[in-house]
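# Structural overview
The lines below spell out each chain.
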Amino acid sequence: MSKKFKNKHNEELNQHKCECPHCENEKCECGCKENKECHCGNDCKCQHKEADCGEGIKCAPEGCEAQNDKIENLKAEISSWQERYLRTMADCENTKRRAEIDAKNMVDYKISKFAKDMLPLADNLSLAIASMEGKVDENILNGLKSIQDSFISALEKNGICKIPTVGNPLNPAEHCVVMQVDDPNVKDGDIARELQAGYKLGDKVIREAMVATANPKKN
């Protein structure tokens, strides 16, 4: 067979190549292009029996069912991955939130520990000022009070504040009552004296304030 005749023969065969996606025969002469039934007897699977796969191509019903099953499986897999993604994102947010809380608690703990170590210094400074009232030069006393104010200001910059006492109602969570005194200017049960200052960091009490409350008034 000449090369020219062979090429012509191959071209004729290729003209009859089946384009149906469900046909496994490479060179089917059953007339698939015209959507006719297969009569080639070569186990061709492109029997066109008026089943429409949705793309204008008539195909075997079993082919459409297999395609639909594949689509449903893919949808289920996508849904599974979406669920995993949302669960992972939620876990990441929870981990981030817990890390932020832990970091804040660690900082607060260190500040609180530092404050507890420094509070005795503030107490001694207050006692020194109280004991020098009217006994030393006014300039020296004012200098000590200025140091005390600077110390309190430094604590406040780090979130450590004094607990209000004199003239305020008693708060068992912040005040520790050690005695009662007569004070006509203070309501019954309210705080009349501060014996030792109390401090808190935010809402956390570092040290309770030691106070004296007013005795009930006699009628």
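The present account deals with the structure reproduced in this document. (Residues numbered from 1 in each chain as written. Predicted model: local features only at pLDDT ≥ 70, side-chain atom pairs only at ≥ 80, totals over all residues. Heavy atoms only, no water.)

## Side note on the overall build of the protein
The condition is simple: Secondary structure follows DSSP: runs of H or I at least 4 residues long count as helices, runs of E at least 2 residues long count as strands, and numbering of each begins at the N terminus. The classification of residues rests on relative accessible area computed with a 1.4 Å probe and restricted to protein chains. Under 20% of the type maximum is buried, over 50% is exposed, and intermediate values are partly exposed. Any two residues whose heavy atoms approach within 4.5 Å at even a single point are treated as in contact. For accessible areas, the Shrake-Rupley method is used with a probe of radius 1.4 Å. Any residue's cover is judged against the shown protein chains and nothing else.
The helix and strand tally for the protein stands at three helices and six strands. Helices and strands in the protein line up, N terminus first, as α-α-α-β-β-β-β-β-β. Counting every position in the protein, which comprises 219 residues, the buried fraction comes to 23%. Nonlocal contacts in the protein, meaning residues at least 24 apart in sequence, comprise 47% of its contacts between residues at least 6 apart. Total accessible area on the protein is roughly 16,200 Å²; 52% of this is exposed by carbon and sulfur atoms.

## A word on a nonpolar patch on the surface
Let me state the cut-off plainly: Patch rule: a residue counts if its relative accessible area is over 30% and it has no salt bridge; like charges are joined within 9 Å, and nonpolar side chains (Val, Leu, Ile, Met, Phe, Trp, Tyr) within 5 Å. Any carboxyl oxygen of Asp or Glu within 4 Å of a side-chain nitrogen of Lys or Arg constitutes a salt bridge here.
Nonpolar side chains collect at one region of the surface, where V178, M179, L195 and M210 lie side by side and expose about 320 Å² of accessible area between them. Residue placement: M179 occurs in strand 2 (residues 175-181). With a relative accessible area of 38%, M179 lands in the partly exposed category.

## Comments concerning the sheet that holds strand 1 (residues 160-162)
Convention followed: Whether two strands pair comes down to DSSP finding at least two bridges between them. Whenever a helix is involved, its axis is fitted only over the stretch in contact; in every case the axis is a line through C-alpha atoms, and angles between N-to-C directions fall within 0 to 180 degrees.
Reading across the sheet, the three strands line up as 1-4-5 and stay open at both edges, with antiparallel pairing between neighbours. At either margin of the open sheet sits one strand with a lone partner, and together these are strand 1 and strand 5 (204-207). On average, adjacent strands in this sheet sit at an angle of 35 degrees to one another, irrespective of strand direction. Summarising the sheet, strand 4 (residues 199-201) and strand 5 pair through three bridges and their orientation is antiparallel. When the sheet's bridge partners are listed, K200 is paired in strand 5 with V205. Along the sheet face, helix 3 (residues 138-157) touches strand 1 and strand 4 and points at about 130 degrees away from the line of strand 1.

## A few points about the packing of aromatic side chains
Put simply, the rule reads: Planes of paired rings set the category: under 30 degrees apart is stacked, over 60 is edge-to-face and the rest tilted, where pairs are Phe, Tyr or Trp rings (Trp by its six-membered ring) whose centres lie within 6.5 Å. Only Lys NZ and Arg CZ are tested; either one counts as a charge over a ring when it is within 6 Å of the ring centre and within 35 degrees of the ring normal.
Applying the stated criterion across every chain yields a total of zero aromatic pairs. The ring of W81 carries R84 above its face, with NZ or CZ at 4.7 Å from the centroid.

## Observations regarding the side chain of R207
Selection rule: Identification of polar contacts relies on pairs of N or O atoms within 3.5 Å, with a donor-acceptor requirement for protein atoms, meaning one able to donate a hydrogen and the other able to accept it, and with residues adjacent in sequence counted only if both atoms are side-chain atoms.
Mapped onto the elements of the fold, R207 is located in strand 5. Only 2.7 Å separates the side chain of R207 from the backbone oxygen of A197, close enough to count as a polar contact. Once residues within four sequence positions are removed from consideration, R207 is found in contact with L119, D123, I163, Q196, A197, G198 and Y199.

## A closer look at the sheet that holds strand 3 (residues 191-196)
As summarised here, the arrangement of the three strands in space is 2-6-3, forming an open sheet in which the pairing is mixed. What marks the edges here is a single partner per strand, and that holds for strand 2 and strand 3. Averaged over all neighbouring strand pairs, the angle between strand axes comes to 30 degrees, with direction disregarded. Where strand 2 lies against strand 6 (residues 209-214), six bridges are found, and the strand directions are parallel. The partner of V181 across the bridge, within strand 6, is A214.

Interpretation note: all reported values are geometric properties and have no functional meaning in isolation.
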